[in-house]
Amino acid sequence: MSARTWQGPSAPERLSILRGTRSIAIVGASANPARASYFVSTYLLSSSPYDVYFVNPRATEILGRPVYPSLDALPVVPDLVDVFRRHDDLPTVLDETVAVGARTLWLQLGSWHEDVARRGEEAGLQVVMDRCVKIEHARFHGGLHLAGFDTGVISSRRALG
C-alpha cells in the first residue's frame with residue numbers, strides 16, 4: 001500500500017457534511033446481517049434522520065425496503081453516497097456518483113483510494129475515506145460507546161449489583 005497523502009475533512013467538516021445530508025444511498029448494501037453495510041443500514045434506519053436508499057444489482061429487498069440496481073435508478077438524487085465496494089470498483093462508483101449529481105462520496109472504514117479522492121474533489125464532491133457514517137453520526141450525536149456500539153446507558157455511573 002502506498003503512503004497516504006490525501007487529507008480528508010476534519011471532524012467539524014464531517015459534522016457539517018452529516019448535518020447537511022438528508023438522503024444517503026448505500027452502494028453495496030447487503031441483506032447479510034454479518035456484513036458491515038447491514039449493520040450501518042440498520043443503524044441509519046433506526047437512529048438517524050436520513051432517508052436511506054439501498055443500491056445493489058443482485059438484491060431486490062433489504063430490511064423490507066426496495067433495492068435499486070444502480071445510483072441512476074434511485075427515485076431521488078442522494079446527498080451522500082456511502083460505498084461498501086471493493087477497491088477496484090471505486091473509480092466506477094465515483095463516476096456514477098458524479099453522474100447522478102450527489103454532493104458527497106463517503107468511502108467506508110478500510111476503503112482508501114487516493115485517485116478517487118482527487119478526481120472526486122476535482123468534480124466538486126466532498127470526499128470522506130476510511131470512516132464509517134454510523135460511527136461518525138453516533139460520535140457527533142452522543143450514541144457511541146468505546147467499542148462503537150450504543151450501550152443504552154445514560155448515566156455516567158456504573159450500575160451496582
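Throughout, residues of each chain are indexed from 1 in the direction in which the sequence is written. Owing to the predicted nature of the model, reporting of local features is limited to residues with pLDDT of at least 70; listing and counting of side-chain atom pairs is limited to 80 or more, with chain, interface and lining totals taken over all residues. Only hydrogens and water are set aside when side-chain values are computed; all heavy atoms of the structure are taken into account.

Novice: For the pattern of salt bridges, give the residues involved together with the corresponding values.
Specialist: When the charged atoms of two side chains lie near each other, side chains of opposite charge can form a pair. Salt bridges, as used here, are contacts in which a Lys or Arg side-chain nitrogen is within 4 Å of a carboxyl oxygen on Asp or Glu. For the structure shown, the criterion picks out 11 salt bridges. Where Asp-89 meets Arg-86, a salt bridge forms, and the shortest distance between an N and an O atom there is 3.8 Å. Residue Arg-86 is classed as exposed on the basis of its relative accessible area of 57%. Through salt bridges that share partners, Asp-95, Asp-115, Arg-118, Arg-119 and Glu-122 make up one connected network. Think of it in three bands: residues with accessible area under 20% of the maximum for their type are buried, residues over 50% are exposed, and the middle band is partly exposed, with areas taken using a 1.4 Å probe on protein chains only.

Novice: Hey, could you go over the environment of Ser-23 for me, with residue numbers and the actual values?
Specialist: Where helices and strands are cited, they refer to DSSP runs of H or I of at least four residues and of E of at least two residues respectively, numbered from the N terminus. When you line up the elements, Ser-23 lands in strand β1 (residues 23–27). Ser-23 gets classed as buried once you look at its relative accessible area, which sits at 8%. Only heavy atoms enter the contact rule, under which two residues are in contact if any of them lie within 4.5 Å. Ignoring sequence-local partners within four residues, the contact set of Ser-23 consists of Asp-51, Tyr-53, Val-77, Pro-78, Asp-79 and Leu-80. Separated by 3.0 Å, the side chain of Ser-23 and the backbone nitrogen of Asp-79 make a polar contact. Any N or O atom pair separated by 3.5 Å or less is treated as a polar contact, with the protein-specific requirement of one donor-capable and one acceptor-capable atom, and with residues adjacent in sequence counted only for side-chain atom pairs.

Novice: Can you lay out the environment of Leu-105 for me, pointing to particular residues and giving the numbers?
Specialist: Mapped onto the fold, Leu-105 is located in strand β6 (residues 104–107). Along the primary structure Leu-105 and Asp-82 are separated by 23 residues, whereas in three dimensions their C-alpha atoms are 6.4 Å apart. Excluding residues that lie within four positions of it along the chain, Leu-105 makes contacts with Val-81, Val-83, Val-93, Leu-94, Thr-97, Val-116, Leu-125, Gln-126, Val-127 and Val-128.

Novice: Break down the packing of helix α3 (residues 90–100) against helix α4 (residues 114–122) for me, citing the residues and quoting the values.
Specialist: In the contact formed by α3 and α4, the axes pass within 9 Å of each other and the chain directions differ by 10°. One finds that α3 runs roughly parallel with respect to α4. Where α3 approaches α4, its residues Leu-90, Pro-91, Leu-94 and Asp-95 are matched on the opposing element by Val-116, Arg-119 and Gly-120. The residue makeup of the contact of α3 with α4, split by class, is four nonpolar, one polar and two charged. Each axis is a line fitted through C-alpha atoms, and for a helix only the stretch in contact is used; angles between axes span 0 to 180 degrees, taken between their N-to-C directions. Put simply, angles under 35 degrees are roughly parallel, angles over 145 are roughly antiparallel, angles from 65 to 115 are roughly perpendicular, and the rest are oblique. Charged residues are taken to be Asp, Glu, Lys and Arg, nonpolar residues to be Ala, Val, Leu, Ile, Met, Phe, Trp, Tyr, Cys and Pro, and polar residues to be all remaining types, Gly included.

Novice: Pulling in residues and values, what's your account of the side chain of Asp-82?
Specialist: Turning to its location among the elements, Asp-82 is positioned in strand β5 (residues 80–83). Here the positive residues are Lys and Arg and the negative ones are Asp and Glu; neither His nor the chain ends is included. The side chain of Asp-82 sits in the buried core without any salt bridge; Lys-134 is the nearest counter-charge, 12 Å away.

Novice: Tell me about the sheet that holds strand β7 (residues 126–128), and please be specific about residues and values.
Specialist: Pairing between two strands is assigned when DSSP locates at least 2 bridges connecting them. Read from one edge of the open sheet, seven strands run β3-β4-β2-β1-β5-β6-β7, paired in mixed fashion. At either margin of the open sheet sits one strand with a lone partner, and together these are β3 (61–62) and β7. Summarising the sheet, strand β2 (residues 51–55) and strand β4 (residues 65–68) pair through two bridges and their orientation is parallel. Bridge pairing in β4 places Phe-54 opposite Val-67.

Bear in mind that shape data such as this cannot, by itself, settle questions of function.
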